[in-house]
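# Examination of the molecular architecture
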Amino acid sequence: MDILAYDYLKQGLENYNEMIGKPRGNVVVSYPTKNTTYPHTVFDEIRNIDNLVAERVASVGYRVDVYAKTKGKIDKQTIAREIAEQMNRFLTSKKLKRISYNASPQENDDSIYHIIMTYSGNLYEVRRTLI
C-alpha cells in the first residue's frame, strides 16, 4: 500500500485540468470548502489495499465527483458531462478502469448537477505505476 500514489495522481489530474484550460472554470480539489466555486471536481482515494495475489501490488480505487451549476445559457448537465468526459480521459489514460458512472440532477434544490464516477486499478508500488 503506497499512500503517496494518490498525491501523484491528484497532482496529475490538476495539471491535466490546467493544460486543457480549466473547462468552464473547473477546479480539482480534495474536498469542497465554502469558498469552492462551480464547477468543481472532487478527487478522492476510496481504496488502497495490498493485493494478496501479487507482491508489491496494491488494489486502488478512486472516486471523482463533478459538481456544476448552470452558467449563462449553458445548462448544468452539459457542463458536468463535458468535465466528466475530460476527467475520464485522463484517468483511463493512466490505466484506471471506470467501474461506475452515476448522475444526480436534483442536488441542492435542483440547482446543482452531480456526476459520480468510480475507478479501479492495480498499482505497482516499486515504480508507482498503474498496471
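Residue indices begin from 1 for each chain and proceed along its sequence in written order. At least 70 in pLDDT is required for a residue's local features to be given in this predicted model, at least 80 for side-chain atom pairs to be given and counted, and no such filter applies to totals for whole chains, interfaces and linings, which use all residues. Hydrogens are left out, water is left out, and the side-chain values use all remaining heavy atoms of the structure.

### What about the environment of T129?
Topologically, T129 is positioned in strand β6 (residues 129-130). Relative accessible area serves as the criterion here: at 35%, T129 is assigned to the partly exposed category. A sequence separation of 108 residues divides T129 from G21, and the C-alpha atoms of the two residues are 26 Å apart. Residue contacts for T129: discarding those within four places in its chain leaves N122, L123 and Y124. Helix and strand assignments follow DSSP, with helices taken as H or I runs no shorter than four residues and strands as E runs no shorter than two, numbered in order from the N terminus. Throughout this description, buried means an accessible area under 20% of the type-specific maximum (1.4 Å probe, protein chains only), exposed means over 50%, and partly exposed covers the range between. Between two residues, a contact is recorded if the distance between any of their heavy atoms is within 4.5 Å.

### Section: the pairing of strand β2 (residues 40-50)
Pairing geometry for strand β1 (residues 27-29) and β2, over three bridges, is parallel. Following the sheet pairing, V27 is matched in β2 by H40. Here, any two strands with at least 2 DSSP bridges between them count as paired.

### Focus: the pairing of strand β3 (residues 57-68)
Walk down a regular strand and you will see the side chains alternate between the two sheet faces. Counting buried residues in β3 gives 11 out of 12 residues, a clear majority hidden from the surface. Bridge count between β3 and strand β5 (residues 112-124): 12 bridges; the pairing is antiparallel. What sits directly across from V57, in β5, is Y124.

What is shown is where atoms sit, not what they do.
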